[in-house]
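What the coordinates show
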Amino acid sequence: MAKPPLSMKPTGWFQVAWCDEIGVGDVHRMKYFSQDMVAWRAASGRLTVMNAYCEHLGAHLGYGGRVVGEVLQCPFHGWQWSQQGRNVCIPYQDRPNRGRRIRTYPVIERNESVYIWHDVDGRQPFFDAPDVFASFDEGSAADYHPQQRLYRPGLELHPQYVLENGVDFAHFRYVHRTPIVPVFTRHDFAAPVSYVDFTITFEGDDGQQIEDVNSGVQAVNGGLGVAVTKSWGMVDNRTISAITPVDGSTSDVRFMVYIGRTTGKDAARAELRAREFGREVIRQFEQDIEIWAHQRYSDRPALTPDELAGFTAIRTWATQFYPDGRGSSAVEVSAASLERP
Ligand code: FES
Ligand SMILES: [Fe+2]
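The residue numbers shown here count from 1 along each chain, following its written sequence. Each chain gets a letter, beginning with A, and each ligand a number, beginning with 1, in the order they are written. Two thresholds apply to this predicted model, a pLDDT of at least 70 for residue-level local features and 80 or more for giving and counting side-chain atom pairs, whereas whole-chain, interface and lining totals are computed over all residues.

Below, the discussion takes up the overall build of the protein chain. Where helices and strands are cited, they refer to DSSP runs of H or I of at least four residues and of E of at least two residues respectively, numbered from the N terminus. Looking only at helices and strands, the protein chain features five helices and 18 strands. The C-alpha atoms of the protein chain give a radius of gyration of 22 Å, which matches the 20 Å a tight globule of 341 residues would have. Referenced to the eigenvectors of the C-alpha coordinate spread, the extents of the protein chain come out at roughly 80 × 60 × 35 Å. Comment: burial labels come from other C-beta atoms within 10 Å of the residue's own C-beta, placed from the backbone, where a count of 20 or more is buried, 12 or fewer is exposed, and between is partly exposed. Across the 341 residues of the protein chain, 34% fall into the buried class. Considering only contacts within the protein chain whose residues lie at least 6 apart along the sequence, 55% involve residues at least 24 apart. With the radius of gyration taken over C-alpha atoms, the globule rule is written as 2.2 Å times the number of residues to the power 0.38. Whether two residues are in contact depends on their C-beta atoms, placed from the backbone: they are in contact if these lie within 7 Å.

Before going further, it helps to examine the UniProt feature "domain: Rieske" (unreviewed entry) in the protein chain. Under the local residue numbering, the UniProt record ascribes the feature "domain: Rieske" (unreviewed entry) to residues 13-116. In residues 13-116, the share of helix is 0% and the share of strand is 43%. The end C-alpha atoms are 5 Å apart. UniProt positions are given in the numbering used here, feature names are shortened, and annotations may be inferred rather than shown by experiment.

Here we come to the sheet that holds strand E1 (residues 12-18). In this scheme, strands are said to pair when DSSP sees at least two bridges between them. On the basis of which strands lie adjacent, the open sheet formed by three strands has the order E1-E11-E10 and antiparallel pairing. Two strands close off the open sheet at either side, each with one partner strand: E1 and strand E10 (107-110). Adjacent strand axes in the sheet meet at a mean angle of 30 degrees when their direction is disregarded. Sheet analysis places E1 next to strand E11 (residues 113-118), joined by six bridges and oriented antiparallel. Note that in E11 the partner of Gln15 across the bridge is Tyr115. Lines fitted to C-alpha atoms define the axes, with helix axes restricted to the stretch in contact, and inter-axis angles between N-to-C directions lie between 0 and 180 degrees.

Attention now goes to the domain arrangement of the protein chain. The accessible area lost on association of the parts is a frequent measure of interface size. As annotated, the domain borders come from an automatic or database domain assignment. Domain parsing of the protein chain yields domain 1 (12-118) and domain 2 (141-320). Between the C-alpha centres of domain 1 and domain 2 the distance comes to 33 Å. Contact residues are listed per partner, giving 13 residues for domain 1 and 14 residues for domain 2. Only E1, strand E2 (27-32) and E11 provide two or more residues apiece to the side of domain 1 that touches domain 2.

Taken together, the four strands give an open sheet; going across it, the order is E5-E6-E7-E8, and neighbouring strands pair in antiparallel fashion. Strands with a single pairing partner mark the edges of an open sheet, and in this sheet they are strand E5 (66-68) and strand E8 (87-89). Alignment of strand E7 (residues 80-81) against E8, held across two bridges, turns out to be antiparallel. Note that in E8 the partner of Gln80 across the bridge is Cys89.

The next point concerns the environment of His118. Secondary-structure assignment places His118 in strand E11. Residue classification places His118 among the buried positions, given that 24 C-beta atoms sit within 10 Å. A C-alpha to C-alpha distance of 5.5 Å links His118 and Gly12, two positions 106 residues apart in sequence. In this structure, His118 is in contact with Thr11, Gly12, Phe14, Phe33 and Tyr105, ignoring residues within four places of it in sequence.

Another aspect to go through is the nonpolar core. Throughout this description, the term nonpolar core refers to a group of buried Ala, Val, Leu, Ile, Met, Phe, Trp, Tyr and Cys residues whose C-beta atoms join them within 7 Å. Ranked by size, the top nonpolar core spans 65 residues in total, and within it Val16, Met37, Val38 and Ala39 carry the most contacts. Take this core: its biggest share by element is six residues, from strand E18 (residues 251-259). Per-domain counts for this core show at least three residues from each of domain 1 (12-118) and domain 2 (141-320).

Residue count minus one, scaled by 1.5 Å, sets the expected span of a helix. Here helix H3 (residues 267-292) contains 26 residues, and its C-alpha end-to-end distance of 37 Å stays within 8% of the 38 Å for a straight helix at 1.5 Å per residue. Buried positions along H3 lie against strand E12 (148-155), helix H1 (159-164), helix H2 (171-175), strand E17 (237-245) and E18.

Moving on to the pairing of strand E14 (residues 193-199). Burial along E14 is one-sided: Ser194, Val196 and Phe198 are buried, and none of Val193, Tyr195, Asp197 and Thr199, which face the opposite way, are. Two elements, strand E13 (residues 183-188) and E14, share five bridges in a ladder whose sense is antiparallel. Residue pairing in the sheet places Arg186 in a bridge with Asp197 of E14. Here E13 hands over to E14 after four residues, the two strands then running antiparallel side by side. Relative to strand E15 (residues 216-222), E14 is paired through seven bridges, and the arrangement is antiparallel. Within E15, the residue paired with Phe198 across the bridge is Val217.

Following this line, the structure appears as structure tokens:
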């Protein structure tokens, strides 16, 4: 893959694990944003995500580190670190080292996922991660079958590719084989949390008019890392897509689907049907992945007039999440060509 001309250290909420991967007392190793990290769950259930290396002599806390009540104890010399990354005990010294601190990340557990707030400058969160239920006007987890998941680690793609899908009306016909091209009814990129709604159908032939289509998707993008969707007028489903940079060229992709419960008698059959529908939604997402994983970010894309507005809006919006405040030259070029009469 051509290295994307976009920073792999964007600001925002990013998924680093699923909650059920880290039980009480567990120390979970991971690497994101080119940093080795650990996530550990204290006796109280509280989860901490911090950089992996002990500030004493650099042991990796994910190899033999032990949760002791509410602190994490280093395997090398037993120094203990708090949930704020502070040293609270040196077992062979009468006082801790108050100066050294391990970098911790703001963390939330939502919709069964662990999200961390990443910002290269250490700024505090300035928007909230979307919630696959609460971000929409109705529905809760109880209305849906259990979550189904896709996990594709280490793919050569950038989170922005995935979000650009949300304004890319033309790909639906070719990648997802929709009979007609969807029509966008909302593009709201005014704030770090943005909204995209479109009318779409997966049924019928290409003879239908978009005005007659009675189904669609609403998407809420919380920055570049996490997006949630709600569908209407078709098989009731919710999805979460979460793309997290691992290093300078790869990202972990996670995708979650919930299928709505129906009021049938046969629970076992309903569960089976839900699994099938869920797999189908995941399969659709995998069709996108196949493109994204081999795509070269087009910096100065060749856009049609119809595509220009959506791509310009999303690329301009995306710049706020990059350390250099620039997405790519495509933003300026598109803006310039928009101004032309
Ligand atoms: S390296 Fe962690 S206590 Fe010494
Ligand atoms: Fe897609």
